[in-house]
Amino acid sequence: FFFLILLMECLHCNKRVGKVDMNKHVRTRHDVSTRDNSEFEKSVVIVEDEEYPVWVKGHIYRCEHCTIEANSLQSIEKHIYNLHVMKDEDKRYRKMMRMDEKKQKHQYCDICWLFFPAGSEDLLREHKEYDYDHQKKLKYEEGTGCDICRT
């Protein structure tokens, strides 16, 4: 059987979510209209020289834009920056940089896109020699299927 999972991009956070799960995602991550903030005080945090509203009760900080709660001022500032301030291009760049850092720390199979722990040259060698999927992907001819996943 062949299953096609349709992914959609959330308008609030740009996360790719299955079409069937989008309503649940929006309700649990972004619908703050039903949240009871009566025990919280409204405040603001400054991120990148801009004020962002938050709800505060002791050491609990609630983001006003989504359903995230943080246990420290630094955490809520980091959350707001990463999810509500940072541009998509910057997020993609950071993700690429993290991937490059991970590649430097680990053994990497560029055919299967798999990582192996640092110092595990034997595991990588065994993977390349004996793994059925690796052997199959190694024989893949460009243009005969999906050139990204080699199937």
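The rules behind the values
- Residues numbered from 1 in each chain as written.
- Predicted model: local features only at pLDDT ≥ 70, side-chain atom pairs only at ≥ 80, totals over all residues.
- Heavy atoms only, no water.
- Phe/Tyr/Trp six-rings, centres within 6.5 Å; stacked < 30°, edge-to-face > 60°.
- Buried < 20%, exposed > 50% of the residue type's maximum accessible area, 1.4 Å probe, protein only.
- Helix = DSSP H or I, 4+ residues; strand = E, 2+ residues; numbered from the N terminus.
- Patch = residues over 30% accessible without salt bridge, like charges linked within 9 Å, V, L, I, M, F, W, Y side chains within 5 Å.
- Areas by Shrake-Rupley, 256 points an atom, 1.4 Å probe, with all protein chains shown as cover.
- Salt bridge = Lys/Arg side-chain N within 4 Å of Asp/Glu carboxyl O.
- Lys, Arg positive; Asp, Glu negative; His and termini not counted.
- Charge placed at Lys NZ, Arg CZ, Asp CG, Glu CD.
- Disulfide = S-S within 2.5 Å.
- Contact = heavy atoms within 4.5 Å.
- Pairing = 2+ DSSP bridges.
- Core = buried A, V, L, I, M, F, W, Y, C linked by side-chain atoms within 4.5 Å.

**Student:** Please clarify how the packing of aromatic side chains should be interpreted in this entry.
**Tutor:** Throughout the structure, instances matching the rule amount to one aromatic pair. Taking the centre distance of 4.7 Å and the plane angle of 40° together, the rings of Tyr 108 and Phe 115 count as tilted. For Phe 115, a relative accessible area of 23% gives the class partly exposed.

**Student:** Help me understand unusual backbone geometry in this model?
**Tutor:** The bulk of non-glycine residues show a negative phi, and the bulk of peptide bonds are trans. Positive phi values are uncommon outside glycine, yet Glu 48 reaches one of about 55°. Assignment of secondary structure puts Glu 48 in the loop between β3 (41–47) and β4 (50–57). Even without glycine at this site, Asp 49 takes up a positive phi of about 65°. Relative to the elements of secondary structure, Asp 49 occurs in the loop between β3 and β4. For Asp 49, a relative accessible area of 77% translates into the label exposed.

**Student:** Can you help me understand a positive patch on the surface in this one?
**Tutor:** Taken together, the side chains of Lys 78, Arg 94, Lys 95 and Arg 98 present a region of like positive charge at the surface. For the positive patch, the leading source of residues is helix α3 (residues 88–105), giving three residues. Inspection of the secondary structure assignment puts Lys 95 in helix α3. According to the relative accessible area criterion, Lys 95 is exposed, its value standing at 58%.

**Student:** Sorry if this is basic, but what is going on with the state of the cysteines here?
**Tutor:** What the rule picks out here adds up to zero disulfides. Among the cysteines around Cys 109, which has no disulfide bond, Cys 112 carries the closest sulfur, lying 3.9 Å off.

**Student:** Before we go on, may I ask you to explain the side chain of Lys 137 in this structure?
**Tutor:** Structurally, Lys 137 is set in helix α5 (residues 132–138). Among all residues touching Lys 137, those that are not within four sequence positions of it are Ile 111, Cys 112, Cys 149 and Arg 150.

**Student:** Where do I start with the pairing of β3 in this structure?
**Tutor:** Consecutive side chains along a regular strand alternate between the two faces of the sheet. Looking at chain direction, β3 and β4 are connected through seven bridges and run antiparallel. Looking at β4, one finds that Val 45 is bridged to Tyr 52. Taken together, β3 and the strand that follows it, β4, pair antiparallel across an intervening segment of two residues, in which Glu 48 is found at a positive phi of about 55°.

**Student:** Even after reading the chapter, I still don't get the nonpolar core, so can you show me in this structure?
**Tutor:** The nonpolar side chains of soluble globular proteins are, as a tendency, buried together. Residues Val 45, Val 47, Tyr 52, Val 54, Val 56, Tyr 61, Cys 63, Cys 66, Ala 70, Ile 76 and Ile 80 constitute the largest nonpolar core, which totals eleven residues. Secondary-structure elements contributing two or more residues to this core are β3, β4, β5 (60–63) and α2 (73–85). When residues of this core are assigned to their parent elements, the largest contribution, three residues, is made by β4. Residue contacts for Tyr 52: discarding those within four places in its chain leaves Ser 43, Val 44, Val 45, Val 47, His 65, Ile 80 and Val 85. Core analysis: the second largest hydrophobic core is formed by five residues, Cys 109, Ile 111, Phe 116 and Leu 124 among them.

Purely spatial values, then, with no claim about function.
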